[in-house]
Every structure is written in C-alpha cells, then in structure tokens.
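Descriptive analysis of the structure
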Amino acid sequence: MISDGMKTVVEELTPQIEHSIGRKLAAQFNSSKNLRDKIQAGEPFDAAILTSDVLNDLIKQGKIAAGGHAEISRTGMGIGVRAGAPKPDITTPEALKRTLLNAKSISFNPTGASAAHTYDMLARLGISEAIKPKLMLDAEAGRPQMNVAGGKAELVISLIPEIRFFPGVDLVGPVTSEFQSYVNFAGGIATDAHDKDAAKALIQFITGPGVVPVLKAKGMEPR
C-alpha cells in the first residue's frame with residue numbers, strides 16, 4: 001500500500017524493485033489516510049509506504065511491525081493550474097493570498113497528506129471563510145488534479161510531485177516559504193505479512209542509495 005505522494009517514484013522504479021525482490025509488485029495507491037482505513041479494516045498487505053505520522057500510528061496499533069519504520073523522503077506543497085494556463089504569482093505571502101482570493105475555484109483532497117497543512121495555510125492567511133465557497137473537495141485519488149486538467153477547477157493545492165507529474169496540469173511552484181509545510185514518507189512491514197522477506201527487501205531497496213536520483217528527479221528530498 002503506497003501513498004499517492006510516492007506514486008511517481010514507485011511507478012518509475014517498479015522494474016528495478018521487482019528485479020531486486022524477485023517478486024511482482026502489486027501496488028495499491030491512495031491517500032495515506034484512506035490506506036490506513038483499509039489496513040485498520042483488515043485488508044491484507046505485506047509492506048506500506050505512507051506518511052510518517054500514519055505509519056507510526058499503525059505501528060502503535062500493531063498493524064505494522066515495531067522497529068520497522070524506515071524514513072524515505074519528504075516533499076513540500078505546491079499549487080497547480082491547467083496545462084498551458086497563465087501561472088499566477090505565488091512568490092510572496094501577499095501574492096499567494098491575492099491569487100487564492102481571485103481564483104474562481106480551488107481543488108484539493110480533504111483526506112490527502114497536505115490537507116491539514118492547506119487548512120492551516122488558509123487560516124494563517126486569514127481567508128478560510130472567504131474562499132470556503134470556492135473549495136472543490138474530492139477524496140478520490142487524483143480527482144483534484146483531474147478537476148483542474150478538465151477545467152472544472154482553476155487551482156489545485158497538493159504535494160509537489162502529485163502536481164508536477166500529473167497529465168494536463170502545470171506546477172505553478174511551491175507554496176511560499178512562510179507557509180510551506182513538508183510531508184515525510186516512510187516504509188514499514190505488516191506484522192502479519194504473507195511474504196516478510198520480500199517486504200523487507202522492498203523497504204531496503206526503497207531506502208537505498210540507488211533510489212536517491214529518482215527521488216530528487218520526482219521532487220522529493222531523500223531522508
């Protein structure tokens with residue numbers, strides 16, 4: 001089970017992962033919170049790559065092996081527009097506030113890893129109530145980006161890799177440093193994994209030095 005924030009990395013590395021672990025990789029992508037719900041409901045899995053806070057919570061619940069937390073990477077929040085559309089100014093707090101207030105619609109995933117940071121940013125900018133009618137919230141994986149790509153929404157707020165590599169969407173840039181928040185990703189092994197050796201090999205591979213260039217290319221900072 002793999003968080004959407006790590007999707008582009010894992011998809012590119014899948015052939016290498018499969019060669020390394022000697023198994024086909026059956027990856028299920030979704031938000032970390034939605035995957036947590038599936039794990040808590042008893043859906044079987046061998047390994048998980050999730051946000052660090054969700055992974056730690058599952059370790060406390062006994063769903064993921066204690067001592068199996070392996071930090072992988074972190075990434076920040078960004079803003080995207082429909083491919084080819086003019087890119088608004090988000091380089092200063094004032095410009096960011098103006099851009100959000102002027103946008104006709106803003107889409108993001110309320111269960112996504114960046115959701116809490118997004119709500120916090122809007123509150124700190126003092127515009128939570130003003131833009132509430134403009135928010136297009138969709139918990140389906142990739143739907144906020146699809147809303148922008150299809151012209152249903154003007155802006156999308158999400159993790160940078162989830163915008164930068166999504167077809168039909170252009171990354172305007174990262175959220176300005178005053179409001180930037182980073183999301184950490186980590187890997188762990190299910191306590192009742194069917195194939196613990198393969199799960200361990202997967203986590204070892206994804207945290208190895210050979211993965212660093214791909215992480216950086218996908219907008220991630222290796223941990």
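As the structure is a prediction and not an experimental result, all values here were calculated from the model.

Membership of the largest hydrophobic core comes to 39 residues, with the highest contact counts inside it found for Met6, Leu13, Ile17, Leu50 and Ile206. Mapped onto this core, the elements with two or more residues apiece are α1 (7-21), α2 (32-40), β3 (47-51), α3 (52-60), β4 (70-82), β9 (182-189), α9 (196-206) and α10 (212-217). At six residues, α9 tops the list of elements feeding residues into this core. In contact with Ile17, not counting residues within four places along its chain, are Val10, Leu25, Leu202, Phe205 and Ile206. Counting residues in hydrophobic clusters, the runner-up holds 20 residues, among them Ile79, Ile90, Leu155 and Ile157.

What follows concerns the pattern of salt bridges. Summed over the entire model, instances satisfying the criterion amount to eight salt bridges. Measuring nitrogen to oxygen at the nearest pair gives 3.7 Å for the salt bridge that ties Lys24 to Glu18. Notably, a salt bridge pairs Asp195 with Arg23, separated by 3.0 Å at the nearest N-O pair. Of this pair, Asp195 sits in the loop between β9 and α9 while Arg23 sits in the loop between α1 and β2 (29-30), and the two are 172 residues apart along the sequence. Residue classification places Asp195 among the buried residues on the basis of a relative accessible area of 18%.

Turning our attention to the pairing of β3. Each regular strand shows side chains that alternate between the opposite faces of the sheet. Within β3, five of the five residues are buried, leaving the element largely enclosed by the surrounding structure. Pairing analysis gives five bridges linking β3 to β9, with the strands arranged antiparallel. Each residue of the ladder has a partner; that of Ala48, found in β9, is Gly188.

With that settled, consider the packing of aromatic side chains. With the rule as written, the count across this model stands at one aromatic pair. Between Phe108 and Tyr119 the ring centres are 5.3 Å apart and the planes differ by 75°, which places this aromatic pair in the edge-to-face class. Remark: Tyr119 occurs in helix α5 (residues 115-125) and Phe108 occurs in strand β5 (residues 106-108); sequence separation between them is 11 residues. Look at Phe108 and you get buried, because its relative accessible area is 1%. Owing to a relative accessible area of 37%, Tyr119 belongs among the partly exposed residues under this scheme. The aromatic ring of Phe165 is capped on one face by Lys218, whose charged end is 4.5 Å from the ring centroid.

Our focus in this paragraph is the layout of surface pockets. A volume near 530 Å³ is recorded for the largest pocket. In this structure, the largest pocket is lined by 27 residues; those nearest its centre are Met1, Pro44, Phe45, Asp46 and Ala47. Here the residues of the lining of the largest pocket sort into 15 nonpolar, five polar and seven charged. Estimated volume of the second largest pocket: approximately 390 Å³. Secondary structure elements with two or more residues in the lining of the second largest pocket: α1, α7 (143-149), β7 (155-159) and α8 (160-164). Partitioned by chemical class, the residues of the lining of the second largest pocket number 10 nonpolar, 12 polar and four charged.

Right, let's talk about the packing of α1 against α9 for a bit. The geometry of α1 relative to α9 is characterised by a closest axis approach of 9 Å and an angle of 130° between their N-to-C directions. With respect to each other, α1 and α9 are oriented oblique. Considering how the two elements wind past one another, α1 and α9 form a crossing that is right-handed. In this structure, α1 uses Leu13, Gln16, Ile17, Ser20 and Ile21 to contact α9, whose residues at the interface are Ala198, Ala201, Leu202, Phe205 and Ile206. Residues of the contact of α1 with α9, tallied by class, amount to eight nonpolar, two polar and no charged.

Calculation criteria
Residues numbered from 1 in each chain as written. Predicted model: local features only at pLDDT ≥ 70, side-chain atom pairs only at ≥ 80, totals over all residues. Heavy atoms only, no water. Core = buried A, V, L, I, M, F, W, Y, C linked by side-chain atoms within 4.5 Å. Buried < 20%, exposed > 50% of the residue type's maximum accessible area, 1.4 Å probe, protein only. Helix = DSSP H or I, 4+ residues; strand = E, 2+ residues; numbered from the N terminus. Contact = heavy atoms within 4.5 Å. Salt bridge = Lys/Arg side-chain N within 4 Å of Asp/Glu carboxyl O. Pairing = 2+ DSSP bridges. Phe/Tyr/Trp six-rings, centres within 6.5 Å; stacked < 30°, edge-to-face > 60°. Lys NZ or Arg CZ within 6 Å of the ring centre and 35° of its normal. 1 Å grid on protein atoms, 1.4 Å probe; cavity = no way out; pocket = protein on both sides within 12 Å on 5 of 7 lines; lining within 4 Å. Points joined across faces, edges and corners; volume = space filled by probe spheres on them. Nonpolar A, V, L, I, M, F, W, Y, C, P; charged D, E, K, R; others polar. Axes fitted to C-alpha atoms, helices over the stretch in contact; angles between N-to-C directions. Parallel < 35°, antiparallel > 145°, perpendicular 65-115°, else oblique. Left-handed = near helix turned anticlockwise from the far one by under 90°.

Interpretation note: all reported values are geometric properties and have no functional meaning in isolation.
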